[in-house]
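Understanding the architecture of this molecule
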Amino acid sequence: EPEVTQTPSHQVTQMGQEVILRCVPISNHLYFYWYRQILGQKVEFLVSFYNNEISEKSEIFDDQFSVERPDGSNFTLKIRSTKLEDSAMYFCASGKLAQGTDTQYFGPGTRLTVL
Amino acid sequence: AQKITQTQPGMFVQEKEAVTLDCTYDTSDPSYGLFWYKQPSSGEMIFLIYQGSYDQQNATEGRYSLNFQKARKSANLVISASQLGDSAMYFCAMRGVQGGSEKLVFGKGTKLTVNP
């Protein structure tokens, strides 16, 4: 069964450093998403991406964040200058459609720790 | 704006018994989807079940069923014949069909513990 994959599973970085989180969505999906979950809190939407551009973003997704689909398979989230409060689990998700009836399938997550 | 409320921070159930996890929602969208995800201690988010706002019947997927009461704006997850492996966090989420928003909005989750 196809699944979303994410690398690395755990990333530790120093405050102020840049990190890139990588995702491989399900191959026939067209819509891609990043969510984050601060420890013990609920999952929060960051950004959605379709046809090589951002289609929606939350207020969390400020200028420090960027997304890219550098090739036909990878989908990346870059944080330019990490802050302590960026420590969280980051989930990539993908879906076939952008409509509410469509299920978003999540990857296993990348746990980011900023020291 | 859409909002999901899960009022049970934690629930306990005996193995083989059924358990209901509560979820209420608020939205102005005339059409929407409701989802439940399971998050084991390992951290991944596993899709369990989906209910469309216009679906005539309650959704079922194996041991999972969704008790959808549209007038009350509730979408409770029922797990029948609980197993030890069901111990996890459970998140209710929703998404509008119209209005242009693609994002899932999540509740705070319920931690389910299945006792042997």
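Above this text you will find the structure in question.
Conventions used here
- Residues numbered from 1 in each chain as written.
- Chains lettered and ligands numbered in written order.
- Predicted model: local features only at pLDDT ≥ 70, side-chain atom pairs only at ≥ 80, totals over all residues.
- Heavy atoms only, no water.
- Phe/Tyr/Trp six-rings, centres within 6.5 Å; stacked < 30°, edge-to-face > 60°.
- Helix = DSSP H or I, 4+ residues; strand = E, 2+ residues; numbered from the N terminus.
- Buried < 20%, exposed > 50% of the residue type's maximum accessible area, 1.4 Å probe, protein only.
- Disulfide = S-S within 2.5 Å.

1. Remarks on the packing of aromatic side chains
Overall, the coordinates contain 20 aromatic pairs over all chains when judged by the stated rule. Relative to Phe75 of chain A, the ring of Phe49 of chain A lies with its centre 5.2 Å away and its plane at 40°, an arrangement referred to as tilted. Taken as a pair, Phe49 of chain A in strand 5 (residues 44-50) and Phe75 of chain A in strand 8 (residues 75-79) lie far apart in primary sequence, 26 residues in all. With a centroid separation of 5.9 Å and an interplanar angle of 75°, the aromatic rings of Tyr105 of chain A and Phe47 of chain B are classed as edge-to-face. Placement of Tyr105 of chain A in strand 10 (residues 105-106) and of Phe47 of chain B in strand 6 (residues 46-52) is noted, with the two residues assigned to different chains. What makes Phe47 of chain B partly exposed here is its relative accessible area of 22%. Taken together, the ring pairs in this structure connect Tyr33, Tyr35, Phe45, Phe91, Tyr105 and Phe106 of chain A together with Phe35, Tyr37, Phe47, Tyr50, Phe91 and Phe106 of chain B into an aromatic cluster.

2. Side note on the state of the cysteines
Put plainly, a disulfide is one covalent bond tying together the sulfur atoms of two cysteines. This model, assessed by the stated rule, comprises two disulfides over all chains. Disulfide pairing is shown between Cys23 of chain A and Cys92 of chain A; the S-S distance is 1.9 Å. For the disulfide bridge between Cys23 of chain A and Cys92 of chain A, the dihedral angle about the S-S bond is near -60°, and by the sign convention the bridge is left-handed. Placement of Cys23 of chain A in strand 3 (residues 19-24) and of Cys92 of chain A in strand 9 (residues 88-95) is noted, with a sequence separation of 69 residues between them. The same class applies to Cys23 of chain A as to Cys92 of chain A, namely buried. Linked covalently through their sulfurs, Cys23 of chain B and Cys92 of chain B form a disulfide whose S-S length is 2.0 Å. Looking along the S-S bond of the Cys23 of chain B-Cys92 of chain B disulfide, the torsion reads about -60°, which is the left-handed sense. Placement of the pair is Cys23 of chain B in the loop between strand 3 (19-21) and strand 4 (24-26) and Cys92 of chain B in strand 10 (residues 88-96), with a sequence separation of 69 residues. Taking relative accessible area as the criterion, Cys23 of chain B reaches 0% and is therefore assigned buried.

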